[in-house]
Amino acid sequence: MTKSPWPVRIVLALAVTVYIVYSSFGIAHPCLWGHMGHHEAEYMMRVRTTFRQHMLTPATHAGYDVPPWQDYYFHHPIGYHHLLGIFTLIVGDHIWTPTLFPALTGLLTMLALFVLVRRWWSREWAAVAVATWVGLPIIWTFSILTDAMFPAMACSIYFCHCYLEFTEKPSKTWLKRTVLTQLLFGLLFWEAYFQAVFHGLQIIVWGRTKRGRAQKVGRWPAWIAWFVATAAMSSATMAFHLIFLWKKGMWADFLTSFQQRHSASFNFIYTRHK
C-alpha cells in the first residue's frame, strides 16, 4: 500500500512557513550595530564599491574614490560577494536586500537537505530533518545574517549527496554534478576544501574494496576518476584565490587573518562576540 504524501507535505509546509515567519523579523532593520548590522553594512558596502568601480575585488570602502589596497577583503572566498551583487542587480539596493538574500538561500539548504535524506532514508525522515533544521537556535538566530553560511551548507549537503550517489552507481553524470558543486562550494567557503579532502580519503578506502575495484567510469577506475576530478577542481579554485590575493598584494593580510583564526584563545573569541 502506497503511503500518502500529504503528511510529509504538511510538515514541510509548516517548516517553511515557520522559517519565513521568523526570518521576516528584522528583515528591514537599519544596519547600525551588532553582528547582523556589521555583516550587512560591510557586505553591501563592498557590493556598492564593486558597482561604482567595476571591480572584481571585494573592498570594504565607502565613497566614490578608488579604494586603497588596505580595504581589499580576502579573508573569505569572493563567491558570496558576487552572488549578493547579482541579487542586488536583480532586486535593487534596498535596506532589505542583504537580509532577504540569506533568507532565500536558507530555502536552498532546506531543499538540499530534503533531497539527501529522502534519497537515503525516506520522505518522512526528510521532512523531520528539515523541520529539525528550521528549529535549530543557530538557524532562527542567524537566518537573515548576510554570510556565505547557508549557500555553503547547501553545497556541502549536495556534495555529500553526489558522493553517495557516485559510490552507489558511478557515472559521468554524478561526477559532473560533483565537480560543478565543488566549483561553487570552493568559491563560497574554505570548508569546501576540508570536505573534499575527507571525501578523497574515503574514496581511496572505497576503491580498495571488492566492489570499489570493480566500478569504472569510462576507462578509469571509479575511485580514481572521482579523486582526480575533485582534486583538480579544488586545486583550481584554491589556486584562483591564492594567485588573485597575491596579485593584489594581500598575502600578508591573508596570513594574519589565518593566524588570528587558527590560534585565537577563548578570551579573545569571547571579547569579540559578547
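Quick note: structure is the one above.
Rules and cut-offs
Residues numbered from 1 in each chain as written. Predicted model: local features only at pLDDT ≥ 70, side-chain atom pairs only at ≥ 80, totals over all residues. Heavy atoms only, no water. Core = buried A, V, L, I, M, F, W, Y, C linked by side-chain atoms within 4.5 Å. Buried < 20%, exposed > 50% of the residue type's maximum accessible area, 1.4 Å probe, protein only. Helix = DSSP H or I, 4+ residues; strand = E, 2+ residues; numbered from the N terminus. Contact = heavy atoms within 4.5 Å. Expected span 1.5 Å × (residues − 1). Arc of directions from axis to C-beta. Polar contact = N/O pair within 3.5 Å; in protein donor to acceptor, adjacent residues only side chain to side chain. Salt bridge = Lys/Arg side-chain N within 4 Å of Asp/Glu carboxyl O.

Caption draft 1: Geometry of the nonpolar core. Ranked by size, the top nonpolar core spans 30 residues in total, and within it Tyr80, Leu84, Phe166, Leu175, Phe185 and Trp226 carry the most contacts. Listing elements by their share of this core, those giving two or more residues are helix 2 (34–53), helix 3 (79–91), helix 7 (149–168), helix 8 (172–186), helix 9 (191–207) and helix 11 (222–247). Among the elements that make up this core, the one with the highest residue count is helix 7 (6 residues). Beyond its immediate stretch of four places on either side in the chain, Tyr80 contacts Tyr43, Phe101, Pro102, Thr146, Asp147, Ala148, Pro151, Leu187 and Leu188. Counting 23 residues, the second-largest nonpolar core is a separate cluster that includes Val8, Phe114, Leu116 and Ala129.

Caption draft 2: View of the side chain of Glu165. Locating Glu165 in the fold gives a position in helix 7. For Glu165, a relative accessible area of 11% puts it in the buried group. Aside from chain neighbours lying at most four places away, what touches Glu165 is Arg119, Trp120, Pro170 and Trp174.

Caption draft 3: Seen up close, helix 1 (residues 6–24). With 19 residues, helix 1 extends 27 Å from end C-alpha to end C-alpha; this agrees with the ideal 27 Å at 1.5 Å per step. Restricting attention to buried positions, one finds in helix 1 the residues Val8, Ala15, Tyr19, Tyr22 and Ser23. Along helix 1, the residues classed as buried sweep out an arc of 105 degrees about the axis, all on the same side. Among the exposed residues of helix 1, those pointing more than 90 degrees away from its buried face are Trp6 and Leu14. Buried residues along helix 1 sit in contact with helix 4 (97–120), helix 5 (123–135), helix 6 (137–142) and helix 7. Positive phi appears at Gly26, one or two residues downstream of helix 1, with a value of about 80 degrees.

Caption draft 4: Fine view of the side chain of Thr99. Structurally, Thr99 can be placed in helix 4. One polar contact links the side chain of Thr99 to the main-chain carbonyl oxygen of Ile27, over a distance of 2.4 Å. Side-chain polar atoms of Thr99 contact the backbone oxygen of Trp96, separated by 2.9 Å. Beyond its immediate stretch of four places on either side in the chain, Thr99 contacts Gly26, Ile27, His29, Glu40, Ile144 and Thr146.

Caption draft 5: Focus on helix 5. Compared with the 18 Å implied by 1.5 Å per residue over 13 residues, the 18 Å span of helix 5 between its first and last C-alpha is a close match. Among the structural elements, helix 1, helix 4, helix 6 and helix 7 are those in contact with the buried residues of helix 5.

Caption draft 6: Main features of unusual backbone geometry. Positive phi, normally seen in glycine, also occurs at His54, with a value near 55 degrees. On the secondary structure map, His54 appears in the loop between helix 2 and helix 3. Residue classification places His54 among the exposed positions, given a relative accessible area of 72%.

Caption draft 7: Here's a closer look at the pattern of salt bridges. Inspection of every chain in the model, using the stated rule, returns 3 salt bridges. Its salt-bridge partner being Glu165, residue Arg119 comes within 2.8 Å of it at the nearest N-O pair. Here Arg119, found in helix 4, pairs with Glu165, found in helix 7; they are 46 residues apart in sequence, far enough to count as distant. For Arg119, a relative accessible area of 36% puts it in the partly exposed group.

Interpretation in functional terms is not warranted from these geometric data alone.
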